[in-house]
Amino acid sequence: MGALVTLDLPADAPALTLPWIITFGPMNDEEEWEPVVCGPYERAHALALAEAVVADEELMAVVEPLQPHVTVAQIQGDIAASRMAAETEDVETAALDAELAGYDDEDDHDHDHGDHSHEPPSVDEIREGFARIAAKLTS
């Protein structure tokens, strides 16, 4: 049996109405493969799908909401909030942070790729992207 990780939210939390994704990955460091990200789903569907997949396999499933941010400031605000929350968490979080501190993401980016830009898309471009994603999901 695997493990399912998700947010423990109050019944009136606004995040419950957002689209949710599932990230499936190995439960331990002995397996090395790229995580599989699925979604978006409604929260109940994401939880049910994740539970069904990890029921008979040694997998980790993380079910989390997608944040439809349309500005850099909104993203930076969530990052800052997450960092502050991490500072107050227990030793397990500190161990994970230490592990991630040694990670060098420079090798993971193709800096010569033509689509790579440091200019964030406009709010309108992001909303147009949301519409394209919705059209793909409903076709």
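Preceding block: the structure.
Residues numbered from 1 in each chain as written. Predicted model: local features only at pLDDT ≥ 70, side-chain atom pairs only at ≥ 80, totals over all residues. Heavy atoms only, no water.

## Section: the overall build of the protein
Thinking step 1. From N to C terminus, the protein includes 4 helices and 4 strands.
Thinking step 2. Along the protein, helices and strands appear, N-terminal first, in the series β-β-β-α-β-α-α-α.
Thinking step 3. On the protein, roughly 10,700 Å² of surface is accessible, and the fraction owed to carbon and sulfur atoms is 56%. (Helix = DSSP H or I, 4+ residues; strand = E, 2+ residues; numbered from the N terminus. Areas by Shrake-Rupley, 256 points an atom, 1.4 Å probe, with all protein chains shown as cover.)

## Side note on the sheet that holds strand 3 (residues 36-41)
Thinking step 1. Pairing is mixed in the open sheet, where 4 strands are placed in the order 1-4-2-3. With one partner strand each, in any of the chains shown, strand 1 (3-6) and strand 3 form the two edges of the open sheet. Each adjacent strand pair in this sheet contributes to an overall mean axis angle of 20°, direction not counted.
Thinking step 2. In terms of strand pairing, strand 2 (residues 20-26) meets strand 3 through 4 bridges, oriented antiparallel. Bridging across to strand 3, threonine 23 finds its partner in valine 37. (Pairing = 2+ DSSP bridges. Axes fitted to C-alpha atoms, helices over the stretch in contact; angles between N-to-C directions.)

## Concerning the packing of aromatic side chains
Thinking step 1. What the rule picks out here adds up to 0 aromatic pairs.
Thinking step 2. For the cation-ring pair, arginine 43 lies above tryptophan 20, with the distance from its terminal atom to the ring centre recorded as 4.9 Å. (Phe/Tyr/Trp six-rings, centres within 6.5 Å; stacked < 30°, edge-to-face > 60°. Lys NZ or Arg CZ within 6 Å of the ring centre and 35° of its normal.)

## Focus on a negative patch on the surface
Thinking step 1. Among the surface-exposed residues, Asp29, Glu30, Glu31, Glu32 and Glu58 lie close enough to one another that they form a single negatively charged patch.
Thinking step 2. If you trace the backbone, glutamate 58 turns up in the loop between helix 1 (43-54) and strand 4 (59-65).
Thinking step 3. For glutamate 58, a relative accessible area of 45% gives the class partly exposed. (Patch = residues over 30% accessible without salt bridge, like charges linked within 9 Å, V, L, I, M, F, W, Y side chains within 5 Å. Salt bridge = Lys/Arg side-chain N within 4 Å of Asp/Glu carboxyl O. Lys, Arg positive; Asp, Glu negative; His and termini not counted. Charge placed at Lys NZ, Arg CZ, Asp CG, Glu CD. Buried < 20%, exposed > 50% of the residue type's maximum accessible area, 1.4 Å probe, protein only.)

## Description of a nonpolar patch on the surface
Thinking step 1. There is a patch of nonpolar side chains on the surface, built from Phe130, Ile133 and Leu137 and spanning about 280 Å² of accessible area.
Thinking step 2. If you trace the backbone, leucine 137 turns up in helix 4 (residues 123-138).

## With respect to the environment of valine 5
Thinking step 1. As for its position among the elements, valine 5 is in strand 1.
Thinking step 2. For the pair valine 5 and methionine 60, spaced 55 residues apart in the sequence, the C-alpha separation amounts to 7.6 Å.
Thinking step 3. The contacts of valine 5, once residues within four sequence positions are left out, are Met60, Ala61, Val62 and Val63. (Contact = heavy atoms within 4.5 Å.)

## Points about helix 1
Thinking step 1. The end-to-end C-alpha distance of helix 1, which contains 12 residues, comes to 16 Å, matching closely the 16 Å that a straight helix rising 1.5 Å per residue would cover.
Thinking step 2. Residues of helix 1 that are buried: Ala46, Leu47, Ala50 and Val54. End-on, the buried residues of helix 1 take up no more than an arc of 95°, which puts them together on one face. Pointing more than 90 degrees away from the buried face of helix 1 are the exposed residues Ala44 and Ala52. (Expected span 1.5 Å × (residues − 1). Arc of directions from axis to C-beta.)

## Some points on the environment of aspartate 56
Thinking step 1. Note that aspartate 56 resides in the loop between helix 1 and strand 4.
Thinking step 2. Overall, the relative accessible area of 72% leaves aspartate 56 in the exposed class.
Thinking step 3. Counting along the chain gives 55 residues from aspartate 56 to methionine 1, while the straight-line C-alpha distance between them is 5.0 Å.

## Digging into unusual backbone geometry
Thinking step 1. The peptide bond linking glycine 39 to proline 40 adopts the cis configuration, its omega dihedral lying at 10°.
Thinking step 2. Note that proline 40 resides in strand 3.

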